[in-house]
Amino acid sequence: MASLGVEAEQEPLLGHSIPGSREWDIIETEEHYKSRWRSIRILYLTMFLSSVGFSIVIMSIWPYLQKIDHTADASFLGWVIASFSLGQMVASPIFGLWSNYRPRKEPLTVSIFISVAANCLYAYVQVPASHNKYYMLVARGLVGFGAASTDEVQVPQGNIDQVAVVATNVLFFVILFIFALFETIVTPLTMDMYAWTREQAVLYDGIILAALGVEAVIIFMGIKLLSKKVGERAILLGGLIVVWVGFFILLPWGHQFPKIQWEDLHNNSIPNTTFGEIIITLWKIPREDHNEGPTGCPVEQAWCLYTPMIHLAQFLTSAVLIGVGYPSCNVMSYTLYSKILGPKPQGMYMGWLTASGSAARILGPVFISQVYAAWGPRWAFSLVCGMVVLTTTLLGVVYRRLIAFSVRHGRIQE
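Reading guide: rules and limits
Residues numbered from 1 in each chain as written. Predicted model: local features only at pLDDT ≥ 70, side-chain atom pairs only at ≥ 80, totals over all residues. Heavy atoms only, no water. Helix = DSSP H or I, 4+ residues; strand = E, 2+ residues; numbered from the N terminus. Buried < 20%, exposed > 50% of the residue type's maximum accessible area, 1.4 Å probe, protein only. Contact = heavy atoms within 4.5 Å. Salt bridge = Lys/Arg side-chain N within 4 Å of Asp/Glu carboxyl O. Phe/Tyr/Trp six-rings, centres within 6.5 Å; stacked < 30°, edge-to-face > 60°. Disulfide = S-S within 2.5 Å. Core = buried A, V, L, I, M, F, W, Y, C linked by side-chain atoms within 4.5 Å. Expected span 1.5 Å × (residues − 1). Bend = angle between axes of the 7 residues up to and from the residue. Polar contact = N/O pair within 3.5 Å; in protein donor to acceptor, adjacent residues only side chain to side chain. pLDDT = per-residue confidence, 0-100. Patch = residues over 30% accessible without salt bridge, like charges linked within 9 Å, V, L, I, M, F, W, Y side chains within 5 Å. Areas by Shrake-Rupley, 256 points an atom, 1.4 Å probe, with all protein chains shown as cover. Axes fitted to C-alpha atoms, helices over the stretch in contact; angles between N-to-C directions. Parallel < 35°, antiparallel > 145°, perpendicular 65-115°, else oblique. Left-handed = near helix turned anticlockwise from the far one by under 90°. Nonpolar A, V, L, I, M, F, W, Y, C, P; charged D, E, K, R; others polar.

**Comments concerning the overall build of the protein**
Here is step 1 of the chain: Along the protein, the regular secondary structure elements total 14 helices and zero strands.
Here is step 2 of the chain: The secondary structure elements of the protein, listed N-terminal to C-terminal, are α-α-α-α-α-α-α-α-α-α-α-α-α-α.
Here is step 3 of the chain: When each of the 414 residues of the protein is scored for burial, the buried share is 44%.
Here is step 4 of the chain: Within the protein, contacts between residues separated by at least 24 positions form 84% of all contacts whose residues are at least 6 apart in sequence.

Right under this line is the structure:
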């Protein structure tokens, strides 16, 4: 039985079916096979373009938010980022139900129109005289609403292990939760720790995430070969361990503290200065605010005064490890989930998986922005480490149940 489980883990999800195989119960002509792969490649391109756009926006949200509304803080940033997934989670069942009763072109056209309009609103949120941060919140929510999936929901058949399904949804939730909070906190963290300007943060963090994207591509190619030897469950477990190590390294250590924005407090008052010095100061302030703005850890965040800084080497090492662990866990959770469900239609169960991912992208940014702003990176990343430990424990408990549908049923019948 154990050998059958390893063999099933090593089978590809997509491939040619032959008579007598357990995939043969779903008849597929050559024309349908070509059409299916054409659709899959279109989805690949769509997801690639969508991910590129999302990455560009996610890096610039925090500097953009600070620029358009000075009352916005790091905690509000979490709500702005979470609004995208909230809109997506609300719209997905609506568009899915719509596509069941009407031509799919209708909800698709409407979603594209909403996305275009929402992105236009996002581009011009600085125009209103006040409440700009709330306009950004609405814009990001509408972008998520327009990005909702229009896949038709189908009801799967067969005796599926519900414990394995629920456990995989929880694992997937935590995996996306962790990466959502990491990509949310990257820009505020680097600006606070290294006194980067908004422009520097967007540039440097963009380079770092681009490098992580290249790393993920390499990981995906390596996982295909590695999974044939050790199986998906072992890779998922290893990925969680690597993620834990990455966040543990990210914990603040040492006695060096980040730069505090004291200079900005002193610049607000100009005691005992001559008229000429006042003119020079007033001449410099607008230009400095426009080009750079205040840098360092804001004194309003009390933890900046007693929490050691995270060294750049720490941050880069952590990013590399998270860049290894996250794609490994992400692709393996998808693969395991699909194999657990089996060859029958998976629409409804995949909808649950999408909903858990959307919930993670809602709660992750809100969680990290609130905890980071109030208690700092030490508490924030310690809680993440604890969460990964609990998730790894859950995986250990259900490890033997995360097997393919064919192993649980088809092989036994044979």
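**Let's talk about the pattern of salt bridges**
Here is step 1 of the chain: Enumeration over the complete set of coordinates arrives at three salt bridges.
Here is step 2 of the chain: Note that R361 and E183 form a salt bridge whose closest N and O atoms lie 2.7 Å from each other. In this pair, R361 is assigned in helix α12 (residues 347–375) and E183 in helix α6 (residues 162–194), connecting sequence segments 178 residues apart. Grouping residues by exposure puts R361 and E183 together as buried.

**Observations regarding the packing of aromatic side chains**
The description of an aromatic ring pair uses the distance of the two centres, along with the angle that the planes make with each other.
Here is step 1 of the chain: Counted according to the given criterion, the structure contains 15 aromatic pairs.
Here is step 2 of the chain: When the centroid spacing of 5.2 Å and the interplanar angle of 15 degrees are considered together, the rings of W244 and F248 count as stacked. One end of the pair, W244, and the other, F248, are both in helix α8 (residues 232–249), four residues apart, so they sit about a helical turn from each other.
Here is step 3 of the chain: What makes W244 partly exposed here is its relative accessible area of 30%.

**Concerning the state of the cysteines**
Here is step 1 of the chain: By the definition in use, this model includes one disulfide.
Here is step 2 of the chain: One disulfide in the model links C297 with C304; its S-S distance is 1.8 Å. Sign of the S-S torsion, about -55 degrees for the bond between C297 and C304, identifies this disulfide as left-handed. Of the two residues, C297 and C304, both sit in the buried class.

**Some thoughts on the nonpolar core**
Here is step 1 of the chain: Formed by 87 residues in total, the largest nonpolar core has its most connected members in I61, M136, F247 and F381.
Here is step 2 of the chain: For this core, the element with the most residues is α6, which contributes 19 residues.
Here is step 3 of the chain: If we ignore the near neighbours within four places in the chain, the residues touching F247 are I178, L181, F182, S318, I322, F381, V384 and C385.

**Concerning the side chain of N330**
Here is step 1 of the chain: With respect to the helices and strands, the residue N330 is situated in helix α11 (residues 312–341).
Here is step 2 of the chain: N330 gets classed as buried once you look at its relative accessible area, which sits at 15%.
Here is step 3 of the chain: Setting aside residues up to four positions removed in sequence, N330 forms contacts with F172, I175 and L176.

**Some points on α6**
Here is step 1 of the chain: Given a rise of 1.5 Å per residue, 33 residues ought to cover 48 Å, and the 47 Å separating the end C-alpha atoms of α6 matches this to within 8%.
Here is step 2 of the chain: If you look at α6, its biggest bend is around 40 degrees, right at I185, and the proline P188 turns up within four residues after that.
Here is step 3 of the chain: Counting buried residues along α6, 28 of its 33 residues qualify, which places the element largely inside the surrounding structure.
Here is step 4 of the chain: The distance from a side-chain oxygen at the start of α6 to the backbone nitrogen of V163 is 3.2 Å, and the residue carrying that oxygen is D161.
Here is step 5 of the chain: Note on α6: the residue one or two positions beyond its end, A195, has a positive phi of about 55 degrees.

**A word on the confidence of the model for the protein**
Here is step 1 of the chain: Mean pLDDT over the protein: 79, with 79% of residues reaching 70 or higher.
Here is step 2 of the chain: Confidence drops under pLDDT 50 across residues 8–26; counting only partners more than four residues distant or on other chains, this segment forms 34 contacts.
Here is step 3 of the chain: Long-range and interchain partners of residues 263–290, a stretch whose pLDDT sits below 50, account for 10 contacts in this model, where long-range means more than four residues apart.

**Considering a nonpolar patch on the surface**
Here is step 1 of the chain: A contiguous nonpolar surface patch, about 510 Å² in accessible area, is contributed by L45, F48, L49, V52 and I56.
Here is step 2 of the chain: As for its placement among the helices and strands, I56 is situated in helix α2 (residues 30–68).
Here is step 3 of the chain: Accessibility expressed as a relative area gives 57% for I56, which makes it exposed.

**Observations concerning the environment of V320**
Here is step 1 of the chain: The residue V320 is located in helix α11 in this model.
Here is step 2 of the chain: Judged by relative accessible area, V320 falls into the partly exposed class, the value being 43%.
Here is step 3 of the chain: C-alpha of V320 to C-alpha of L212: the two residues are 108 residues apart in sequence and 6.9 Å apart in space.
Here is step 4 of the chain: Excluding its chain neighbours within four sequence positions, the residues that come into contact with V320 are L212 and E215.

**Considering the packing of α6 against helix α13 (residues 377–397)**
Here is step 1 of the chain: Direction vectors running N to C along α6 and α13 enclose 160 degrees, while the axes themselves pass 11 Å from each other. It follows that α6 is roughly antiparallel to α13 by the angle criterion. Considering only the axes of α6 and α13, their crossing is left-handed. Side by side, α6 and α13 meet where A167, V170, L171, V174, F177, I178, L181, I185, L189 and M193 of the first sit next to P377, F381, V384, M387, V388, T391, L394 and L395 of the second.
Here is step 2 of the chain: Looking at the contact of α6 with α13, its residues break down into 17 nonpolar, one polar and no charged.

**Some words on the packing of α8 against α11**
When two helices pack together, you describe them by how their axes are tilted relative to each other and by the distance separating the axes.
Here is step 1 of the chain: Between α8 and α11, the shortest axis-to-axis distance is 7 Å and the interhelical angle comes to 155 degrees. In terms of orientation, α8 and α11 fall into the roughly antiparallel class. Between α8 and α11 lies a crossing whose hand is left-handed.
Here is step 2 of the chain: Residue composition of the contact of α8 with α11, by class: 15 nonpolar, eight polar and three charged.

**A few points about the environment of L121**
Here is step 1 of the chain: With respect to the helices, strands and loops of the structure, L121 is situated in helix α4 (residues 105–123).
Here is step 2 of the chain: By relative accessible area, which is 30% here, L121 ends up partly exposed.
Here is step 3 of the chain: Spatially, the C-alpha atoms of L121 and Y135 are 7.9 Å apart, while their sequence positions differ by 14 residues.
Here is step 4 of the chain: Not counting residues within four places of it along the chain, the set of residues in contact with L121 comprises Y135, V138, A139 and L142.

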